[in-house]
Amino acid sequence: MAADMAQDAAQPLKLRAEDEEDLAVISAILQDALVAVGEMTFVPEEKLFALVANRFGWERPAQAADRFERTLTGVSLEGVTAVQVRGFRPSDITRIMQILAIHAEGGTVRIDFSGGGCLRLEVETLLCHLEDLGEPWLTRWRPQHPDEP
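Residues numbered from 1 in each chain as written. Predicted model: local features only at pLDDT ≥ 70, side-chain atom pairs only at ≥ 80, totals over all residues. Heavy atoms only, no water.

Enquirer: So what's going on with the overall build of the protein? Residues and values would help.
Expert: Helix and strand counts for the protein come out as one helix and eleven strands. For the protein, the sequential pattern of α-helices and β-strands runs β-α-β-β-β-β-β-β-β-β-β-β. Counting the 149 residues in the protein, one finds 39% classified as buried. At a minimum sequence separation of 6, the contacts of the protein that also span at least 24 residues come to 65%. For the protein, the accessible surface area stands at approximately 8200 Å², while carbon and sulfur atoms represent 51% of it. (Helix = DSSP H or I, 4+ residues; strand = E, 2+ residues; numbered from the N terminus. Buried < 20%, exposed > 50% of the residue type's maximum accessible area, 1.4 Å probe, protein only. Contact = heavy atoms within 4.5 Å. Areas by Shrake-Rupley, 256 points an atom, 1.4 Å probe, with all protein chains shown as cover.)

Here it is, written out as structure tokens:
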């Protein structure tokens, strides 16, 4: 796998995805991440899409029954030639979106959000970077999914 992951779960993550299998790891790391619409940007002249998310620390063990961690994380995709938005308005910059999954499918990368929102990025090649941007902080709230107790 083309990922540079820190050895210790307490260390910041730094990952690179170059294929669908790598992107599945980044998708799992970003599941339930919160991102404001205003923290997503496409820079066409650089063929770059980037976002900053508040991600839940799924890879870190809980410090107690109600003590979990979140971390500010940057994500960038290179070689992006177009972005299509469905289910939300890009002008609604304060709206908070929750990432469900990220998928690569034949020349596109799709970012699915809860509530039906979606970004479809047309890419020349798959190259995605994820990097934690700061120290984690404690939270009492663990994301819940319908199939969990």
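Enquirer: Can you explain the nonpolar core? Please cite residues and give values.
Expert: Counting 30 residues, the largest nonpolar core has Met 40, Phe 49, Ile 111, Phe 113 and Leu 121 as its most contacted members. Elements represented by at least two residues in this core include exactly strand 1 (14–17), helix 1 (20–30), strand 4 (48–56), strand 5 (68–78), strand 7 (96–104), strand 8 (108–113), strand 9 (118–123) and strand 10 (128–132). Residue contributions to this core peak at four residues, all from helix 1. With near-sequence residues (within four places) excluded, Met 40 lies in contact with Val 35, Phe 49, Ala 50, Leu 51, Phe 88, Met 97, Phe 113 and Leu 119. (Core = buried A, V, L, I, M, F, W, Y, C linked by side-chain atoms within 4.5 Å.)

Enquirer: Explain the confidence of the model for the protein to me, and be specific about the residues and the numbers.
Expert: Low-confidence regions, as indicated by low pLDDT, have predicted coordinates that should not be scrutinised in detail. Per-residue confidence for the protein averages 89 on the pLDDT scale, and 89% of its residues sit at or above 70. In this model residues 1–9 is a low-confidence stretch, pLDDT under 50, and it forms 18 contacts with partners more than four residues away in sequence or in other chains. (pLDDT = per-residue confidence, 0-100.)

Enquirer: Quick one: what's the story with the environment of Thr 73, residue by residue and with numbers?
Expert: Topologically, Thr 73 is positioned in strand 5. For the pair Thr 73 and Leu 130, spaced 57 residues apart in sequence, the C-alpha to C-alpha distance is 6.9 Å. A distance of 3.1 Å separates the side chain of Thr 73 from the side chain of Arg 55, its partner in a polar contact. There is a polar contact of 2.8 Å between the side chain of Thr 73 and the side chain of Asp 132. (Polar contact = N/O pair within 3.5 Å; in protein donor to acceptor, adjacent residues only side chain to side chain.)

Enquirer: Account for the packing of aromatic side chains, naming residues and giving values.
Expert: Going through the model one piece at a time under the given rule, you end up with three aromatic pairs. Centroid distance Phe 56 to Phe 68: 5.7 Å. Interplanar angle 45 degrees. Geometry classified as tilted. With Phe 56 in strand 4 and Phe 68 in strand 5, this residue pair connects regions lying twelve residues apart in the sequence. On the basis of relative accessibility, which here comes to 3%, the residue Phe 56 falls in the buried class. Taking the relative accessible area as the measure of exposure, Phe 68 reaches 13% and is therefore buried. (Phe/Tyr/Trp six-rings, centres within 6.5 Å; stacked < 30°, edge-to-face > 60°.)

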